[in-house]
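Tertiary structure, described
Now for the letters of each chain:
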Amino acid sequence: MREVTWEIDQDDDWGIAVIATVGRQLRLRREAVGVRAAEFALAVGYGEDMIYKIEGGKRIPRPEFLDKADEVLGADGLIAAMKEDVAKVRYPKKERALAKLEARAAEMQLYDPLNVHGLLQTPEYARGLFLMRRPVYTREEVEHYTAARVARKAVFERDPAPELSFVLEECTLLRPLGGRDVLRRQLEHLLEVAELRHVEIQMMPLDQVEHVGLSVVEVMKFEDGTAIGRASDVSGGRPLTDPRRLRLLELRYGILRTQALTPGATVDALHRLLKET
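Residues numbered from 1 in each chain as written. Predicted model: local features only at pLDDT ≥ 70, side-chain atom pairs only at ≥ 80, totals over all residues. Heavy atoms only, no water.

Points about unusual backbone geometry
- Here Arg-134 and Pro-135 are connected by a cis peptide whose omega angle stands at 0°.
- Here Pro-135 shows up in the loop between helix H7 (123–132) and helix H8 (139–151). (Helix = DSSP H or I, 4+ residues; strand = E, 2+ residues; numbered from the N terminus.)

Encoded structure:
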């Protein structure tokens with residue numbers, strides 16, 4: 001078992017409380033069956049210091065650790081059951097908040113001018129982006145953020161599925177971030193996603209003369225008729241719910257779609273780019 005856990009965000013009060021409770025229950029069970037921390041650490045394949053950090057609510061345990069702990073301490077599923085609570089806080093606070101919105105959305109309109117949108121990224125592509133960030137992320141942070149981004153892909157598996165529309169810049173599909181193999185797999189993944197009935201992907205070609213603007217645009221609509229949006233050049237990128245501003249974002253996104261290639265032409269372009277990569 002790899003001795004890799006994740007730190008809890010210090011501004012995440014709810015997450016801190018959950019992980020502290022999980023750690024306390026784990027310690028109480030260990031002490032109740034008379035197993036010393038050093039013995040427990042050896043049995044689960046972690047260092048003794050890491051055991052104290054997990055029990056002290058300083059680190060987020062991985063699901064496989066809780067499974068192993070349950071087995072070693074003979075907890076009959078009580079410790080393993082805590083995976084459900086840990087799963088709610090195992091990812092960064094901002095990613096969790098975004099994932100909650102995505103889980104509710106009935107429709108999403110998404111445009112990112114700098115990279116392949118996060119929901120469309122392969123794990124290798126996402127990891128490559130995080131590895132290139134400056135100041136440098138630690139190895140642990142890279143894996144943590146990558147896992148959080150990949151977890152958001154659950155939105156594609158929802159039933160009923162939300163209507164998803166993406167506009168991608170061609171330049172983001174030419175840049176071999178992480179290497180040619182990573183880009184090739186990313187292009188293949190886009191072609192796979194483009195086959196889904198509830199997903200439309202459109203590419204903005206490099207030679208497009210008219211362009212409504214190179215800033216992030218995101219609009220999410222919900223079943224109750226409400227919506228939330230964001231644009232990197234409006235209100236500092238903060239979420240917007242004002243109907244007037246949301247209409248402006250939808251207008252901008254609509255123009256982006258008319259300026260981009262159709263979904264069918266985009267699939268043809270993706271096949272061409274894949275051959276050239």
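So that's the structure; there's more coming.
Digging into helix H3 (residues 48–55)
- All of the buried residues in H3 are Met-50, Ile-51, Ile-54 and Glu-55. All buried residues of H3 lie within an arc of 135° about the axis, which places them on one face of the element.
- Here the buried face of H3 lies against helix H1 (13–32), helix H2 (37–44), strand S2 (59–60) and helix H4 (63–72).
- Trailing H3 by a residue or two, Gly-57 shows a phi angle of about 75°, which is positive. (Buried < 20%, exposed > 50% of the residue type's maximum accessible area, 1.4 Å probe, protein only. Arc of directions from axis to C-beta. Contact = heavy atoms within 4.5 Å.)

Let's talk about the packing of helix H9 (residues 180–194) against helix H11 (residues 263–276)
- The geometry of H9 relative to H11 is characterised by a closest axis approach of 10 Å and an angle of 160° between their N-to-C directions. One element, H9, and the other, H11, form an angle in the roughly antiparallel class. Where H9 crosses over H11, the two elements pack in a sense that is left-handed. Residues Arg-184, Leu-187, Glu-188, Leu-190, Leu-191 and Ala-194 of H9 touch H11, and the partners they reach there are Val-267, Leu-270, His-271, Leu-273 and Leu-274.
- The class makeup of the residues in the contact of H9 with H11 is eight nonpolar, one polar and two charged. (Axes fitted to C-alpha atoms, helices over the stretch in contact; angles between N-to-C directions. Parallel < 35°, antiparallel > 145°, perpendicular 65-115°, else oblique. Left-handed = near helix turned anticlockwise from the far one by under 90°. Nonpolar A, V, L, I, M, F, W, Y, C, P; charged D, E, K, R; others polar.)

Describing the sheet that holds strand S6 (residues 217–222)
- The mixed open sheet is built from five strands, whose spatial order is S5-S4-S3-S6-S7. Edge positions in the sheet fall to strand S5 (199–204) and strand S7 (227–231), since each has one partner strand and no second. Neighbour-to-neighbour, the strand axes of the sheet open up by a mean angle of 5°, direction not taken into account.
- Direction of pairing for strand S3 (residues 105–112) relative to strand S4 (residues 163–169): parallel, over a ladder of six bridges. Residue pairing across strands places Asp-112 opposite Leu-168, the latter belonging to S4.
- Packed on one face of the sheet, helix H6 (residues 93–104) meets S3, S6 and S7 and runs near 125° to S3.
- Set on the sheet, helix H10 (residues 243–259) makes contact with S3, S4, S5, S6 and S7; between it and S6 the angle comes to about 115°. (Pairing = 2+ DSSP bridges.)

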